[in-house]
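Now for the letters of each chain:
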Amino acid sequence: MTTATLTRRQRRRVTLAGQYTLFVIAIAFIALTADWAALRLNFARSEVARDLFPEIITTALKNTVIYTLTGFGFGAALGLLLALMRLSSVPPYRWFAKVYVEIFRGLPALIIFIFIGTGIPLAFPGAKFPPGGTTGKVAFALGLVAAAYMAETFRAGIQAVPKGQVEAARSLGMSSTRAMRSIVIPQAFRIIIPPLTNELVLLFKDSSLVFLLGVQLQEKELAKFGRDMAGSKANATPLLVAALCYLLITIPLGFLVRRLEARNAKSR
Amino acid sequence: MTTTDQYAGPAIDVRGLHKSFGDNEVLRGIDFHVDRGEVVCVIGPSGSGKSTLLRCVNLLEEPTAGQVFIGGVELTDENVDVDAVRRRIGMVFQSFNLFPHLTVMGNLTIAQRRVLGRGKAEADRIAHDNLEKVGLADRGDAFPAQLSGGQQQRVAIARSLSMGPDLMLFDEPTSALDPELVGDVLAVMRDLAQDGMTMMVVTHEMSFAREVASRVVFMDEGRIVEEGSPEQVIGSPTHERTKTFLQRVLDPAAAHVGEVPDPGPRLRAGFDPTAAHLPSSDQPAR
């Protein structure tokens, strides 16, 4: 019997124990060395947090949700249009859609928002464009960004529908538009609901950039509200509360995505 | 303009048809017709162009040259409303191509309602009649994924029939089926032929062709090599290529010692029409 050589199971145990020890030491080091008192004073003052309510919900969170949903709606419509252009037999449509997607996916949303915030009033002075006041402007800006990502998602979804589906639809006398509407898009939609929900989460976070478009007091969303309140209270607690509000929405959405993905995987 | 509801001339009339995919010429000058009430079976080795010919008939493939007439209307004429002509042509695919997001009834009614503009009650009634015809009247609420391959193909046939077509195209309708499910589909097709439906069937089922076809066409390398009654073409073929093909199909065991290696799909010769006429005996595939 030798003691020098370990069995495979013993070796695995030693490795796992080593990993786990390192992990615990790292966490403990951070927890013990951090100045928790200072953090709590700056980020978790309950009297500051109390002052934020109910505005942080009734105004800020509400606006974040409105901006995100309108932006998502506009982005989805534009994204679907771009996806259809990308798949079109007309070359200029394809080029346009491709260039659009490349540009808007390749730029930070921050820069796009600055361009829109300053560029639109210059390009259309005095004109009511886009319509709908601040919400319209936000939906427009968020939608332009989201459309680029969603166009690719839609395209992948449409292309994932087997060619035989279109052939069957056309053989029944459907026009190509009708086949797209009644047969392809409903099937593509089911495939892309999980990635589309992911896009909604991203957009939810991107809505924090709307301060670049200039918003009034009643139009503030979570991030802007949190920052302004943190400034006026000289305390970072509002930011922590705002962050928790984001998680309130994004974590359930993430959970939903995983559920939908699991369901899709099962149905195939 | 030509009206499409007046039915004149042969059901299908193909003249001088050529089709190339890039450099690959799949059809090399086909003259072919199907008269009203005829059941024409197109046979031949894989790659002979028989499926392409069938797909050119309803313009799922655009011919490179030549003309296709359906009931006297030229489908290859740029000014003809192809969708309107396609409404009169039923098509059954090898891979069924049912719409997976719709129930069986949804599959059977969507084109009736969206294309023909029929009301829900009328579309449902017609769909139900046709499901009954293929022996699946009780599966209207099922989704395609819940059906066996044989059942799916019979639903696909019922879906085409619901449009009230003048003629039906079958593109190897049993090639994707498990052998024990083939009989039900062929039985439905035979009933259809007995009802007088005009049919063009691309198939490897020699006994079906022999029993049901009014005419058999043998294709090889993009040309029609031989055509005639089933007794002539299958029973006593005159061309060497037809003989070789049939020998290999009807006696697959001998093909192993034959000189030409054939990569063809599963070929079946042992279809017993009497044993097969038992609809819905097959079980769901999953």
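Cut-offs and rules
Residues numbered from 1 in each chain as written. Chains lettered and ligands numbered in written order. Predicted model: local features only at pLDDT ≥ 70, side-chain atom pairs only at ≥ 80, totals over all residues. Heavy atoms only, no water. Buried < 20%, exposed > 50% of the residue type's maximum accessible area, 1.4 Å probe, protein only. Helix = DSSP H or I, 4+ residues; strand = E, 2+ residues; numbered from the N terminus. Polar contact = N/O pair within 3.5 Å; in protein donor to acceptor, adjacent residues only side chain to side chain. Contact = heavy atoms within 4.5 Å. Buried area = accessible area lost by both parts, 1.4 Å probe. Salt bridge = Lys/Arg side-chain N within 4 Å of Asp/Glu carboxyl O. Nonpolar A, V, L, I, M, F, W, Y, C, P; charged D, E, K, R; others polar. Pairing = 2+ DSSP bridges.

1. Some thoughts on helix H1 (residues 50–57) of chain B
Residue and element names in this part refer to chain B. The buried fraction of H1 is high, at seven of eight residues. Three or more residues of H1 are buried, namely Lys50, Thr52, Leu53, Leu54, Arg55, Cys56 and Val57. One or two steps after H1, the chain reaches Leu59, where phi turns positive at roughly 65 degrees.

2. Focus: the environment of Thr203 of chain B
All names here are of chain B. For Thr203, the position within the fold is in the loop between strand S8 (198–202) and helix H7 (206–212). The sequence separation of Thr203 and Ser51 amounts to 152 residues, and the corresponding C-alpha distance is 9.2 Å. In terms of polar contacts, Thr203 uses its side chain to reach the backbone amide nitrogen of Glu205, at 2.9 Å.

3. Some details on the interface of chain B and chain A
Counting residues at the interface gives 21 residues for chain B, matched by 18 residues for chain A. Roughly 1700 Å² is buried in total at the junction of chain B and chain A, and carbon and sulfur atoms are behind 59% of that figure. Taken together, the connections running from chain B to chain A amount to two salt bridges. Across the pair Arg55 of chain B and Glu167 of chain A runs a salt bridge, and its minimum N-O distance is 2.6 Å. Between the two partners, chain B and chain A, sit six residue pairs in polar contact (both at pLDDT 80 or more). Listing elements by their share of the side of chain B that touches chain A, those giving two or more residues are helix H2 (82–86), strand S6 (89–92), helix H3 (104–114) and helix H5 (149–161) of chain B. The dominant element in the side of chain B that touches chain A, judged by the number of residues it contributes, is H3 of chain B, at three residues. Residues belonging to the side of chain B that touches chain A are distributed by class as follows: eleven nonpolar, four polar and six charged.

4. Some thoughts on the side chain of Ser171 of chain A
Mapped onto the elements of the fold, Ser171 of chain A is located in helix H8 (residues 163–171). For Ser171 of chain A, a relative accessible area of 4% puts it in the buried group. In this structure the side chain of Ser171 of chain A is engaged in a polar contact, spanning 2.7 Å, whose partner is the backbone oxygen of Glu167 of chain A. Non-local contacts of Ser171 of chain A, meaning those with residues more than four positions away in its chain, are made with Asn58, Leu60, Arg86, Ile89, Met91 and Phe93 of chain B.

5. What about the pairing of strand S3 (residues 39–43) of chain B?
Residue and element names in this part refer to chain B. Where burial is concerned, most of S3 is hidden: five out of the five residues are buried. Residues Val39, Cys41 and Ile43 line one face of S3 and the alternating positions Val40 and Val42 line the opposite face, and both faces are buried. When S3 meets S8, the two strands line up parallel, connected through four bridges. Across the sheet, residue Val40 finds its bridge partner in S8, namely Met200.

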